[in-house]
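# What the coordinates show
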Amino acid sequence: MQLLNMARRGVLFGANALVVLIMMLGHMEPIGALRVCVVLAAAGFLLVYKGKASCVMEDIATYVCVDLVAYVALWFDKIIAAYDAKAIGTMFEKISTNDFGILLMIGVGLLIAGFIWKPWLMGVGGGCVGSALVLGTFATGGFKHIEFAGNGKIVFTVYVFSAAFWTLCLYMSEMLQPKRKTLDKILSLIVLAVSVFIAVGCSAYTNAIAPEIAKNMYALPVEGFAWWRVLVCAIVLGGMAYALSNRRSTGAIWWSTDSIVLFGCIVLVLGIRVLMDYYFIFSWAFMLALVVAVYRCIFNEKSGKTTFGFDTLTCFAVELVVFIVLSSMLGSGLVPSAIVTCVILLAAYVLRDKRGKYLANANVWVFLVVAFVVEAVAWLGVRHNLAIEYVRMAAILVFGIATLLILNKHRAGDVPAPRKWDTVVCCCVALLCVLSMHTSVNVKTTPAADNVKTTLSAARESNPITGATYEWVNAFGEVVAPKTPLPVGESNLPIQADHLVVRATDSAGATIRYDYYYASWMHNFAGSRQQVADAAAAAAASKENKK
Amino acid sequence: MSLVDDIRNDLVEYAGLEDDSPTDLDVAMQRIVSEHGAEAMLDEDRFRVLMGECGVSELDIRKALLLAKVDGFGELVTNSGFCAQADLDRFASNAELQSGLNRYEIVRFLRAFSLAAGIAYEYGEPSPPSDSLVQERAFVVPESLYNNELQSFGNSLGKAVYNGSPLLELDFKPIEPLVEMGIPLAKHYMGYCLLHGSDDASTQNTGITLLSEAAAAGNTQAMAELGDYYYCLGTGSWTQAYECYTGLGALALSSERQTNILTILNRKSANSKTLILSAGMLALMLLAALFGFGANIVLGILFSLASAAVLALGFMHFRKSPYDDVYVFPVAIFVLWTISMAISSLI
């Protein structure tokens, strides 16, 4: 058993070492590479040979710490050379004069709480402390009028993401092995010290590498997180999960907790990739919800419980599918569709037949028909808002349900109608709903750093566009710029806020709405604040004039 | 040795039977004739009372009275034992035509009458065929030759069904020759086992064939079993099930089968409602088309006409097979409406 556990630890260490070595190949420096090898060898000795973890994923926080140390070892000379003690002093001066200090105090409080109680709070506290120090170094003006200097925005973004990732690792580690709190606390302090030292103490170094980081971040959807890379990553993680599984003498596979954690990682990686395609303002909250759901499943798996009556892998699959569907809807501005989907899923869960006769009941078929039609109506409400479309949907609903009731309500004895007929009716309804979900206006957008190229065109020549406008809305729902006419054809719009709303009307009178979201940490919202102020002033003036 | 003895000996040897005791029916008829004379069989009321006194079952009494009305019965039993084989064959043919009983039953009673009346029947030379009706020979095989074996197998089968043990593991050797000889009850037992004891379709089909043969030969249980089989196949074959249950199978109706018949009869009512409601739905679809609710008006009317044709087919089918499945018709109407809507949205 001991050797078996060592082999399992070796699998994770090998995979991590391989990633580190691949990353190192692109930036080969002989001395640095030697230092990295020493760090990895020491880590291997301590984690694999001397390690005691039976569930290898409990060491995940340690591996992240090792990777950070390896990074420092690789670039040690440059980092030390960039150290500037004066910058630290300046930073503390700035913090003492603006409200970044509040964040620092909150962070210190959380650090202390984490040290006493839950180590993962140290991740949050460290994130707050580090963020405050990074803001003190690279930003001015306080939270209300924050202005980043140089590549400060990139450094801050990277730091926040890294802190979130570290917190998740700590939480995972604590969940899998509650007894290793002390080690996690020590690791947290090391990671905080090293990261703050690099980000703040060596600001020249971070400023120097920030443009490359920014470039990589912009290229994430097509390079770092290209679909093929994500799929390869998922396959590798799946292979590791298989390697870390337990096989019984009968040859059957029993997924270990390590395997389940790795499957959870696959779900999270795929979730991140999907969000890159369907970004919207509250993506972060959505991603957080997925993380919580995945962690809950892992926790239940470790406790030997099911989640909502499903086994963990089924639950992961359901979570991923629901996440993809809802993300694609929210990312496309189809908020009513997402709400309707949630309600339908909830209703399906509540109404499910626990005896396994889910589809034997006529009500289930009626439920499916209603679900199809309601989804289509929610879609039409955004993309093709026209009265006759709702009449059509009402007709589909009425005749679909009528046919199902004719099939199922008048039957002799206990013999139900063959399912194939119910299936045919449901398929017909689904087909009609899909065919109804068409729009008369096409909008195509191609975003760049500062602007977005918009192409507006009619789907059919027989139904031309009679008018179109666009407006920018910020993350708080405030209209940054009033409605502006959008001409048919290509336009180049400067990105002014998080949310672009395009509305069009066709010759039949249908109103069509398209929504596009832009991440504040990836685009420059030119003049947005000034325009909000102008818009507010204009609205106030308008009110005054009316009075 | 006569041919009758040959057959008898062969059967005894073939089926491993040694008991050739007369059946209860044989004993009863012999007692009636010996105590009251063969003329007693010609007086319907007296014959009924005498059979009742001798312990003949009510069903057998009715069958015997039915046979007593067949042409040639009086000549047969009052012929002082002198009866040609041709007369025996002729009576059997007449009985098949006039009584409606199956050949197995006729021969069983004929044997009892013949033994009681002391008819010296021979199976030597076949009688010259005068017409097609008398070409078949009336073989009187004593039931006692195989009765024990059938009873024994029937008991084993009953136990196996009750215990839920595999039916195909029963010992079929004793009844296999009886099945080959065409004994209906043996065919029923074998057919039942093959139908219910195997998941293999070809084995089940053989079982169905045997049950059908047994039912055609007048086995009421086999007919009822066939009714069960068709009933369980689903609504598509309920017309056949109804025919089985209400035909010869009516003599073997359990409470469950009576419920099945009730369900089938309700099916007719349900089918009628289904078609009428489909007509109502079609009318609504036509109205929707006329008011232009989404679908193109011309297309809507055209497809409504096609739906009306489908519905007419449905009513025709219902008149012909009222217990059959009619689900396809409302679904077909809805599919036609879907096509019209789909084409309208694509135009």
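Remember, it's a predicted structure, so these values are computed and weren't measured experimentally.

Thresholds, definitions, all that
- Residues numbered from 1 in each chain as written.
- Chains lettered and ligands numbered in written order.
- Predicted model: local features only at pLDDT ≥ 70, side-chain atom pairs only at ≥ 80, totals over all residues.
- Heavy atoms only, no water.
- Helix = DSSP H or I, 4+ residues; strand = E, 2+ residues; numbered from the N terminus.
- Areas by Shrake-Rupley, 256 points an atom, 1.4 Å probe, with all protein chains shown as cover.
- Buried < 20%, exposed > 50% of the residue type's maximum accessible area, 1.4 Å probe, protein only.
- Salt bridge = Lys/Arg side-chain N within 4 Å of Asp/Glu carboxyl O.
- Axes fitted to C-alpha atoms, helices over the stretch in contact; angles between N-to-C directions.
- Parallel < 35°, antiparallel > 145°, perpendicular 65-115°, else oblique.
- Left-handed = near helix turned anticlockwise from the far one by under 90°.
- Contact = heavy atoms within 4.5 Å.
- Polar contact = N/O pair within 3.5 Å; in protein donor to acceptor, adjacent residues only side chain to side chain.
- Pairing = 2+ DSSP bridges.
- Core = buried A, V, L, I, M, F, W, Y, C linked by side-chain atoms within 4.5 Å.
- Patch = residues over 30% accessible without salt bridge, like charges linked within 9 Å, V, L, I, M, F, W, Y side chains within 5 Å.

## Quick look at the overall build of chain A
If you tally the helices and strands in chain A, you get 19 helices and eleven strands. Looking at chain A as shown, the accessible area adds up to about 27200 Å², and 69% of this sits on carbon and sulfur atoms.

## Regarding the environment of A:Pro221
Residue and element names in this part refer to chain A. Considering the arrangement of structural elements, one finds Pro-221 in the loop between α10 (203-218) and α11 (227-243). Classification of Pro-221 as partly exposed rests on a relative accessible area of 25%. Separated by 53 residues in sequence, Pro-221 and Val-274 have C-alpha atoms that sit 9.5 Å apart.

## Points about the pattern of salt bridges
A complete count under the given rule lists 16 salt bridges over all chains for this structure. Between A:Arg392 and A:Glu389 there is a salt bridge, and its shortest N-O distance comes to 3.9 Å. Pair noted here: A:Arg392 and A:Glu389 are both in helix α17 (residues 387-409), with a separation of three residues, about one helical turn. The buried category is assigned to A:Arg392, whose relative accessible area is 5%. Relative accessible area serves as the criterion here: at 6%, A:Glu389 is assigned to the buried category. The partner of A:Glu471 in a salt bridge is A:Arg503, with the nearest N and O atoms 3.0 Å apart. With A:Glu471 in strand β7 (residues 465-473) and A:Arg503 in strand β10 (residues 499-506), this pair connects stretches of sequence that are 32 residues apart. A:Glu471 sits in the buried class, given a relative accessible area of 10%. Ionic contacts of the salt-bridge type, sharing partners, join the residues B:Asp60, B:Lys63, B:Glu105 and B:Arg108 into one network.

## Here we look at the packing of helix α6 (residues 100-116) of chain A against helix α9 (residues 181-201) of chain A
Residues and elements named next belong to chain A. Relative orientation of the contacting elements α6 and α9 amounts to 155°, with a least axis distance of 10 Å. Judged by the inter-axis angle, α6 sits roughly antiparallel to α9. In this structure, α6 crosses over α9, and the sense of that crossing is left-handed. Here Leu-111, Gly-114, Phe-115 and Ile-116 of α6 lie close against α9, whose contacting residues are Lys-185, Leu-189 and Leu-192.

## Notes on the side chain of A:Ser440
Residue and element names in this part refer to chain A. Position of Ser-440 among the secondary structure elements: in the loop between α18 (419-436) and β5 (441-447). Judged by its relative accessible area of 5%, Ser-440 is buried. A distance of 2.6 Å separates the side chain of Ser-440 from the side chain of Asp-506, its partner in a polar contact. Ignoring any residue separated from it by four or fewer positions in sequence, one finds Ser-440 in contact with His-384, Ser-457, Ala-458, Ala-459, Arg-460, Asn-463, Asp-506 and Ile-512.

## Thoughts on the environment of B:Ser212
All names here are of chain B. Checked against the element boundaries, Ser-212 lands in helix α11 (residues 201-216). Here Ser-212 falls in the partly exposed class, since its relative accessible area comes to 28%. Put simply, Ser-212 and Lys-187 are 25 residues apart on the chain and 9.0 Å apart in space, counted from C-alpha to C-alpha. Polar contacts involving the side chain of Ser-212 include one to the main-chain carbonyl oxygen of Ile-208, which spans 2.7 Å.

## Details of the environment of B:His188
Residues and elements named next belong to chain B. With respect to the helices, strands and loops of the structure, His-188 is situated in helix α10 (residues 184-197). Take His-188: its relative accessible area is 8%, and that puts it in the buried class. In this structure His-188 touches Leu-211, Ala-214, Asn-219, Gln-221, Ala-222 and Glu-225, once residues within four positions along its chain are discounted.

## Quick word on the sheet that holds strand β11 (residues 511-517) of chain A
Residue and element names in this part refer to chain A. Across the sheet, which stays open at both edges, the four strands sit in the order β8-β7-β10-β11 with antiparallel pairing between neighbours. With one partner strand each, in any of the chains shown, β8 (479-485) and β11 form the two edges of the open sheet. Geometrically, the sheet is characterised by an average inter-axis angle of 15° between neighbouring strands, direction not taken into account. Where β7 lies against β10, eight bridges are found, and the strand directions are antiparallel.

## Thoughts on the nonpolar core
Counting residues in hydrophobic clusters, the biggest one holds 116 residues, and the most contacted among them are A:Met172, A:Ile298, A:Phe316, A:Ile396, A:Phe399, B:Phe334 and B:Trp337. Ignoring sequence-local partners within four residues, the contact set of A:Phe399 consists of B:Met281, B:Leu284, B:Met285, B:Ala288, B:Phe334 and B:Trp337. Counting residues in hydrophobic clusters, the runner-up holds 32 residues, among them B:Val33, B:Ala40, B:Leu88 and B:Phe109.

## Remarks on the side chain of A:Ser131
Structurally, the position occupied by A:Ser131 is in helix α7 (residues 119-138). In terms of polar contacts, A:Ser131 uses its side chain to reach the backbone carbonyl oxygen of A:Gly127, at 2.6 Å.

## Some words on the interface of chain A and chain B
Tallying the contact residues gives 28 residues for chain A and 33 residues for chain B. Our enumeration of links across chain A and chain B arrives at zero salt bridges. Run the count over chain A and chain B and you get zero residue pairs in polar contact (both at pLDDT 80 or more). Taken together, the elements giving at least two residues each to the side of chain A that touches chain B come down to α17 and α18 of chain A. The biggest single contributor to the side of chain A that touches chain B is α17(A), with eleven residues.

## Quick notes on a nonpolar patch on the surface
Residue and element names in this part refer to chain B. Together, Leu-284, Leu-286, Leu-287, Leu-290, Phe-291, Phe-293, Ile-297, Val-298, Ile-301, Leu-302 and Leu-305 line one region of the surface with nonpolar side chains, adding up to about 1000 Å² of accessible area. Secondary structure elements with two or more residues in the nonpolar patch: α14 (255-290) and α15 (297-320). No other element matches the five residues that α15 contributes to the nonpolar patch. Tracing the backbone shows Phe-291 in the loop between α14 and α15. A relative accessible area of 61% means that Phe-291 is categorised as exposed.

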